[in-house]
Amino acid sequence: MRQLTVTTRGREGCAVVTLRGELDIASADELRRGLQAARRAHGDHLILDLDELEFMDSHGLSVIINCHKAVTAGQGSLALTGARPIVRRTLQITGLDRRLTLYDTVEQATASLRHPADAPAP
């Protein structure tokens, strides 16, 4: 099992939160804290870069869903990028791929957040 690491950087008015490793019951609180810190530092427009996320269980999904609810309630946004097939499959099975906005790259998500009219419907 690869421990989850959460890093955040600002990019064009939003926070890019990069996840590496495995997101499960043991690491869900770490992600929750990382997302809260990202919102405090950068506001309510978040991009979760999942390119290096190797696994995600229902506890990780719950943290992401709660974050989505919180940021959208505050007129913010949450986009997911770079989901590997195993993570994308989890999103598809749960139907979250239809509720959350998915992009291939951080660059696509950033451009869409700058021009929200061009964003795909969640």
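These figures come from a predicted structure and were not determined experimentally. Starting afresh in each chain, residues are numbered from 1 along the sequence in its written order. The model is predicted, so local features are restricted to residues of pLDDT at least 70 and side-chain atom pairs to those at 80 or more, both for listing and for counting; the totals for chains, interfaces and linings are taken over all residues. Side-chain numbers come from the whole structure's heavy atoms, not from hydrogens or water.

### Here's the deal with the packing of helix α1 (residues 28-42) against helix α2 (residues 58-73)
- Packing of α1 against α2 brings their axes to within 9 Å, and their N-to-C directions diverge by 20°. Judged on the interaxial angle alone, α2 and α1 are roughly parallel. Regarding α1 and α2, the two cross each other, and that crossing is right-handed. Contacts from A28, L31, R32, L35 and R39 in α1 reach H59, V63, I64, C67, A70 and V71 in α2.
- Of the residues belonging to the contact of α1 with α2, the class tally is eight nonpolar, one polar and two charged. Axis lines are fitted to C-alpha atoms, over the contacting stretch for helices. Their N-to-C directions set the angle, which ranges from 0 to 180 degrees. Secondary structure elements are defined from DSSP: runs of H or I of at least 4 residues count as helices, runs of E of at least 2 residues count as strands, and each element is numbered from the N terminus. Reported orientations rely on four angle classes, namely roughly parallel under 35 degrees, roughly antiparallel over 145, roughly perpendicular from 65 to 115, and oblique for the rest. In this scheme the handedness of a crossing depends on how the near helix is turned from the far one: anticlockwise by less than a right angle means left-handed, clockwise means right-handed. The criterion used for residue contact is that any of the two residues' heavy atoms lie within 4.5 Å. Only Asp, Glu, Lys and Arg are considered charged in this grouping, and only Ala, Val, Leu, Ile, Met, Phe, Trp, Tyr, Cys and Pro are considered nonpolar; every other residue, Gly among them, is considered polar.

### Some details on the sheet that holds strand β3 (residues 45-56)
- In spatial order, the strands read β1-β2-β3-β4-β5; together these five strands make up an open sheet with mixed pairing. A strand with exactly one partner marks an edge of an open sheet, and here the two such strands are β1 (5-11) and β5 (101-103). Taking the axes of each pair of neighbouring strands and ignoring which way they run, one obtains an average angle of 25° across the sheet.
- Contacting β1, β2 (14-23) and β3, α1 runs over the sheet at an angle of about 15° to β1.
- Its contacts with the sheet place helix α3 (residues 85-94) against β3, β4 (77-81) and β5, and it is angled at close to 110° to β3. Strands pair, by our definition, only if DSSP identifies at least two bridges between them.

### Describing the pattern of salt bridges
- Put simply, a salt bridge is a Lys or Arg side-chain nitrogen that is within 4 Å of an Asp or Glu carboxyl oxygen. All told, the structure shown has seven salt bridges when counted by the stated rule.
- In this structure, R2 engages E54 in a salt bridge whose closest nitrogen and oxygen atoms are separated by 2.3 Å. Pair noted here: R2 is in the segment before β1 and E54 is in strand β3, with a separation of 52 residues, a long-range link.
- Residue burial is assigned from relative accessible area. The probe radius is 1.4 Å, only protein chains are included, and a residue is buried under 20% of its type maximum, exposed over 50%, and partly exposed in between. Classification of R2 by relative accessible area gives partly exposed; the value is 36%.
- Between D44 and R39 there is a salt bridge, with the nearest N and O atoms lying 2.7 Å from each other.
- Under the relative-accessibility criterion, D44 is labelled partly exposed at 22%.

### With respect to the environment of N66
- Looking at the secondary structure, you find N66 in helix α2.
- In sequence terms N66 and R32 are 34 residues apart; their C-alpha atoms lie 9.1 Å from each other.

### Quick notes on α3
- Inspection of α3 places V87, T90 and L91 among the buried residues, and these make up the whole buried set. Looking straight down α3, one finds its buried side chains confined to an arc of 95°; they lie on one side. α3 presents P85 and I93 as exposed residues on the side facing more than 90 degrees away from its buried surface.
- Looking at the packing, one finds that the buried side of α3 touches β3, α2, β4, α4 (96-99) and β5.
- Of the residues flanking the end of α3, it is G95, one or two places downstream, whose phi is positive at about 80°. The arc refers to the directions leading from the helix axis to the C-beta atoms.

### Some thoughts on α2
- Expected helix span is given by 1.5 Å per residue-to-residue step, counting one fewer step than there are residues. The end-to-end C-alpha distance of α2 is 22 Å, a good match for the 22 Å that 16 residues give at a rise of 1.5 Å each.
- Residues of α2 that are buried: G60, L61, V63, I64, I65, C67, H68 and V71.
- Each element contacted by the buried residues of α2 is listed here: β2, α1, β3, β4, α3 and α4.
- Trailing α2 by a residue or two, Q75 shows a phi angle of about 65°, which is positive.

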